[in-house]
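# Understanding the architecture of this molecule
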Amino acid sequence: MSTVTSLSRQLRLARAVDEFVLATVLLFLAVTVVRWLRDPDSALCVGDLDAALAVIGGLSGTILTGLILSPPGRRSGGHVNPAVTVSLWLMGAFPGRGVVPYVLAQCAGSAAGTGLARLVWGSAVSLPSVDYAAIVPAPAWQPASVFVAEAGSMAIIIVAVGFTMAHARTARLVPYVIGLSVALVIAVLGPRSGGSINPARQFGPAALAGQSTDLWIYLIAPVVGAALGTWLHHVLSRRRLLPHKMRMPASRPSSPESDIAAEGVNRRSSNRIPARTGIQPE
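Residues numbered from 1 in each chain as written. Predicted model: local features only at pLDDT ≥ 70, side-chain atom pairs only at ≥ 80, totals over all residues. Heavy atoms only, no water.

## Points about the overall build of the protein chain
As a reminder of what qualifies: Helix numbers and strand numbers start at the N terminus; a helix is a DSSP run of H or I with at least 4 residues, a strand a run of E with at least 2. Accessible area is worked out with a 1.4 Å probe on protein chains only. A residue is then buried under 20% of its type maximum, exposed over 50%, and partly exposed in between. Should any heavy atoms of two residues lie within 4.5 Å, those residues are considered in contact. Throughout, the Shrake-Rupley method with a 1.4 Å probe supplies accessible areas, and for residues the shown protein chains are the sole cover considered.
Each helix and strand in the protein chain was counted, giving ten helices and zero strands. Order of helices (α) and strands (β) in the protein chain, N terminus to C terminus: α-α-α-α-α-α-α-α-α-α. A total of 282 residues make up the protein chain; the buried ones form 47% of that total. In the protein chain, the share of contacts with a sequence separation of at least 24, taken over all contacts with a separation of at least 6, comes to 76%. Accessible surface computed for the protein chain: about 14,100 Å², of which carbon and sulfur atoms make up 67%.

The structure is reproduced here in structure tokens:
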């Protein structure tokens, strides 16, 4: 085994550890927020579910942005979401060999953060109104509607993030776009589909709460939405490049070889993501 290969594996492991830490902090804070806002005996309890989820959404978006901008987030890219990791891989902005370690670290961190919150806050976390902050859809929402809502909202977020990342002037805003998007999804879809859009967000709470109903939706739908959003990003990127191709000088000589080379450049340009975005490693 070469020294370069060994160092590369060590670096991937270190970044996966960063993702574990970020997911642990995210879930600990998520359960903490729900514990204080939904426990009837809490001085901060918000009785109205819609109002509570609006507050939870705002706090969650702020926490997520802070984690992305934190030192561990800058090192690992601050994905904290298996769907984001898969999307960046499909965009060509994240190596495929790092996907499984990241996803495992995120899910492990989810369970660790939820367990830590139970240890710190005690039995209040297991109250029916808190239930480890596990996400559930509204009774009137059928599984198909929940799946579409979770996948669709994730696809929209990926398109928005991809558009922001693709422009050097706006790439630095990606952490804030993600935080705002998550806040809106929780506030709008929280009382309806649950507004998870993150398999790691639901994995730990559902595991400790023993809640398996619709769990598969919250684990799979965001990843499907991420793949759909990535495809839409590629389609929109190609359409933005089309006017530039149409404005090529007519006198420029053309050949099959030059056309193939130009198409390759266009594809690489459409998939290129600035390195300093805050959600992917260098």
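## Observations concerning the layout of surface pockets
Threshold: For cavity detection a 1 Å grid was placed over the protein atoms alone, and a set of points counts as a cavity when a 1.4 Å probe fits there but cannot get out; an open set counts as a pocket when protein lies on both sides within 12 Å along at least five of seven lines, with lining residues being those that have an atom within 4 Å of a point. Grid points are joined across faces, edges and corners, and a volume is the space filled by probe spheres set on the points. Ten residues, namely Ala, Val, Leu, Ile, Met, Phe, Trp, Tyr, Cys and Pro, are considered nonpolar, four, namely Asp, Glu, Lys and Arg, are considered charged, and the remaining ones, Gly among them, are considered polar.
What the largest pocket holds in volume is close to 850 Å³. For the lining of the largest pocket, the residue count by class is 33 nonpolar, twelve polar and three charged.

## Describing the packing of aromatic side chains
Basically, it comes down to this: The criterion for an aromatic pair is that two Phe, Tyr or Trp rings (for Trp, the six-membered ring) have centres within 6.5 Å, with stacked assigned to planes under 30 degrees apart, edge-to-face to planes over 60 apart and tilted to the rest.
Under the defined criterion, the tally for this structure stands at three aromatic pairs. Centre to centre, the rings of F94 and Y102 are 4.7 Å apart; their planes meet at 55°, and the pair counts as tilted. Note on F94: relative accessible area 5%, which makes it buried. Taking the relative accessible area as the measure of exposure, Y102 reaches 2% and is therefore buried. Ring centres of F147 and W216 lie 5.9 Å apart, and the angle between their planes is 35°; this geometry places the pair in the tilted category. Of this pair, F147 sits in helix α6 (residues 143-165) while W216 sits in helix α9 (residues 215-246), and the two are 69 residues apart along the sequence.

## Some thoughts on the pattern of salt bridges
Heads up, the condition is: Within this document, salt bridges are pairs made up of a side-chain nitrogen of Lys or Arg and a carboxyl oxygen of Asp or Glu, the two lying within 4 Å of each other.
Here the structure, examined in full by the defined rule, presents two salt bridges. In this structure, D18 and R75 form a salt bridge, with 3.0 Å as the shortest nitrogen-oxygen distance. With D18 in helix α1 (residues 3-38) and R75 in helix α3 (residues 71-76), this pair connects stretches of sequence that are 57 residues apart. Overall, the relative accessible area of 9% leaves D18 in the buried class. Among the residues examined, R75 registers a relative accessible area of 44% and is labelled partly exposed. The shortest N-O distance in the salt bridge between R35 and D39 comes to 3.1 Å. The pair R35 / D39 is uniform in exposure class, with both members buried.

## Here we look at the nonpolar core
Worth spelling out the cut-off: Put simply, buried Ala, Val, Leu, Ile, Met, Phe, Trp, Tyr and Cys residues joined by side-chain atoms within 4.5 Å make one nonpolar core.
The biggest cluster of nonpolar side chains holds 45 residues, and the ones touching the most others in it are I56, L88, M154 and I178. Where this core is concerned, the elements lending two or more residues are α1, α2 (49-69), α4 (82-90), α5 (99-121), α6 and α7 (174-189). Here the element with the most residues in this core is α1; it accounts for ten residues. Those residues in contact with I56 that sit more than four places away from it in its chain are V33, V34, L37 and I186. I135, V146, I217 and A221 belong to the second largest nonpolar core, which has six residues in total.

## Overview of α5
Cut-off, in case you're wondering: To estimate how far a helix should extend, the number of its residues minus one is multiplied by 1.5 Å.
Look at α5: 33 Å from first C-alpha to last across 23 residues, which is about the 33 Å you get at 1.5 Å a residue. Taken together, the buried positions of α5 are occupied by V99, Y102, A105, Q106, C107, G109, S110, G113, T114 and A117. Positive phi shows up at G122, right after α5, with a value of about 70°.

## Some words on the packing of α2 against α7
The line we're drawing: Lines fitted to the C-alpha atoms define the axes, with helices restricted to the stretch that makes contact. Angles between their N-to-C directions range from 0 to 180 degrees. If an angle is under 35 degrees, it is roughly parallel; if it is over 145, roughly antiparallel; if it lies from 65 to 115, roughly perpendicular; otherwise it is oblique. In this scheme the crossing of two helices becomes right-handed for a clockwise turn of the near helix relative to the far one and left-handed for an anticlockwise turn of less than a right angle.
Where α2 meets α7, the axes come as close as 7 Å, and the angle between the chain directions of the two elements is 160°. Looking at the two axes, α2 sits roughly antiparallel to α7. Viewed along their axes, α2 and α7 form a crossing whose handedness is right-handed. Where α2 approaches α7, its residues L53, A54, I56, G57, G58, S60, G61, L64, T65, I68 and L69 are matched on the opposing element by P175, Y176, I178, G179, V182, A183, I186 and A187.

## Focus on helix α8 (residues 199-209)
Just so we agree on the cut-off: Two N or O atoms count as a polar contact when they lie within 3.5 Å, although within protein this holds only if one can serve as hydrogen donor and the other as acceptor, and sequence-adjacent residues are included solely when both atoms are side-chain atoms.
Of the residues making up α8, those classed as buried are P199, A200, R201, Q202, G204, P205 and A206. With a side-chain oxygen lying 2.9 Å from the backbone nitrogen of A200, the N-terminal cap of α8 falls on N198. Directly beyond the C-terminal end of α8, a positive phi value near 70° is found at G210.

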